[in-house]
Amino acid sequence: VDAFQAWCGPCKTAVDLFRKIRNEVDSDLLHFAVAEVDSIDALEKYRGKCEPVFLFYGGGELVAVVRGMNAPLLQKTILEQL
């Protein structure tokens, strides 16, 4: 999940990376989403930051967090979590 604030918007670089990975990894287990933290109370702790935060969920639980747009780390985390 790309957690973002309305004034900053979702990370366009990450969206492109997610598309690339989705095309390379053919898995029904892999899903990407964006969430505006200003409108979701459960994500309140991610408000007020000027960096994207990427939340990784598995089995309904938060399993990893990547802060900032670090494409190699994001790709590594995605593949590890799969």
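Residues numbered from 1 in each chain as written. Predicted model: local features only at pLDDT ≥ 70, side-chain atom pairs only at ≥ 80, totals over all residues. Heavy atoms only, no water.

The name given to the chain in an unreviewed UniProt entry is TXND6 protein, with Heliornis fulica as the source organism.

## A closer look at the packing of aromatic side chains
With the rule as written, the count across this model stands at two aromatic pairs. Note on F18 and F32: the rings are 4.3 Å apart at their centroids and 5 degrees apart in plane angle, and the pair reads as stacked. Taken together, the residues span a long stretch of sequence, with F18 in helix α1 (residues 12-24) and F32 in the loop between α1 and β2 (34-36) at a distance of 14 residues. Look at F32 and you get partly exposed, because its relative accessible area is 31%. (Phe/Tyr/Trp six-rings, centres within 6.5 Å; stacked < 30°, edge-to-face > 60°. Helix = DSSP H or I, 4+ residues; strand = E, 2+ residues; numbered from the N terminus. Buried < 20%, exposed > 50% of the residue type's maximum accessible area, 1.4 Å probe, protein only.)

## Regarding the sheet that holds strand β3 (residues 53-58)
Strand pairing in a sheet relies on backbone hydrogen bonds, with the paired strands running either antiparallel or parallel. Strand order across the open sheet formed by four strands is β2-β1-β3-β4, with mixed pairing between neighbours. Edge positions in the sheet fall to β2 and β4 (61-67), since each has one partner strand and no second. For this sheet, the mean inter-axis angle between neighbouring strands, taken without regard to orientation, is 30 degrees. As judged from the three bridges shared by strand β1 (residues 2-4) and β2, these two strands associate in the parallel manner. Note on β2: the bridge partner recorded for F4 is E36. Each of β3 and β4 touches helix α2 (residues 71-81); the most contacted strand, β4, lies at about 165 degrees to it. (Pairing = 2+ DSSP bridges. Axes fitted to C-alpha atoms, helices over the stretch in contact; angles between N-to-C directions. Contact = heavy atoms within 4.5 Å.)

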